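# Structural description and commentary
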Amino acid sequence: ECASETVSSLTDRAPENALDCASATVRLRAATSTLELATLGRYFQQRHLMAHRDGLVDAEYVSKSGDTSYREGQRLVIQDAGVRECIDLVEKLGGALRADRQAFVPPS
């Protein structure tokens, strides 16, 4: 529920919920490096381009992803290695989420 929230949006929550979300965010950031999160963000921006712009790069993609290897108007080239890396990062993040949940919710 709070994975996509920013720190400023946490202040709108009840204090105990804001603390839970802030703690979860810190734990997830500890499980993944800044570079991994940026890479995953770039892959999700690429997915968005493939789904909504037929892979055609626009200024918003370059701005949001920080990917300077493309210019506006070019088509994305998706490599097998990039797909595998994205899957690995999603699995790593998923494992961290699962471990975080298990630490606070006993198995039924």
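This report concerns the structure included in the present document. (Residues numbered from 1 in each chain as written. Predicted model: local features only at pLDDT ≥ 70, side-chain atom pairs only at ≥ 80, totals over all residues. Heavy atoms only, no water.)

## Quick word on the overall build of the chain
Summing up its helical and strand segments, the chain has 5 helices and 0 strands in all. In the chain, the succession of helices and strands from N to C terminus is α-α-α-α-α. Here the chain holds 108 residues, and 24% of them are scored as buried. Expressed as a percentage of contacts within the chain between residues at least 6 apart in sequence, the contacts between residues at least 24 apart total 39%. Surface exposure of the chain reaches about 7,800 Å², of which carbon and sulfur atoms provide 56%. (Helix = DSSP H or I, 4+ residues; strand = E, 2+ residues; numbered from the N terminus. Buried < 20%, exposed > 50% of the residue type's maximum accessible area, 1.4 Å probe, protein only. Contact = heavy atoms within 4.5 Å. Areas by Shrake-Rupley, 256 points an atom, 1.4 Å probe, with all protein chains shown as cover.)

## Things to note about the pattern of salt bridges
Using the criterion set out here, one finds 4 salt bridges in the structure. For Lys-92, the salt bridge identified is with Glu-36, shortest N-O distance 2.9 Å. Separated by 56 residues along the polypeptide, Lys-92 in helix 5 (residues 80-104) and Glu-36 in helix 3 (residues 34-52) bring together distant segments of the chain. Among the residues examined, Lys-92 registers a relative accessible area of 35% and is labelled partly exposed. For Glu-36, a relative accessible area of 22% gives the class partly exposed. The shortest N-O distance in the salt bridge between Lys-64 and Glu-60 comes to 3.0 Å. Pair noted here: Lys-64 and Glu-60 are both in helix 4 (residues 59-65), with a separation of 4 residues, about one helical turn. (Salt bridge = Lys/Arg side-chain N within 4 Å of Asp/Glu carboxyl O.)

## Topic: the side chain of Thr-39
Tracing the backbone through its elements, the reader meets Thr-39 in helix 3. Looking at Thr-39, the relative accessible area reads 8%, which means it is buried. Once residues lying within four places of it in the same chain are set aside, the contact partners of Thr-39 are Glu-85 and Leu-89.

## Side note on the side chain of Asp-58
The topology assignment puts Asp-58 in the loop between helix 3 and helix 4. Ignoring sequence-local partners within four residues, the contact set of Asp-58 consists of Leu-49, Arg-53 and Glu-72.

## A word on the environment of Leu-76
Its place among the elements puts Leu-76 in the loop between helix 4 and helix 5. Judged by relative accessible area, which is 10%, Leu-76 ranks as buried. Here the alpha-carbon distance between Leu-76 and Met-50, two residues 26 residues apart in the chain, equals 7.9 Å. If sequence neighbours within four positions are ignored, Leu-76 has contacts with Gln-46, Leu-49, Met-50, Gly-55, Val-57, Tyr-61 and Tyr-70.

## A short note on the layout of surface pockets
It is the rolling of a water-molecule-sized probe over the atoms that shows where space remains empty. The space that makes up the second largest pocket amounts to roughly 230 Å³. Around the second largest pocket, the lining residues are Arg-42, Tyr-43, Gln-46, Arg-47, Met-50, Val-77, Ile-78, Gln-79, Gly-82, Val-83 and Cys-86. Of all the elements in the fold, those that place two or more residues in the lining of the second largest pocket are helix 3 and helix 5. Examining the composition of the lining of the second largest pocket, we find that 5 residues originate from one element, helix 3, more than from any other. (1 Å grid on protein atoms, 1.4 Å probe; cavity = no way out; pocket = protein on both sides within 12 Å on 5 of 7 lines; lining within 4 Å. Points joined across faces, edges and corners; volume = space filled by probe spheres on them.)

Shape descriptors only; they carry no functional weight alone.
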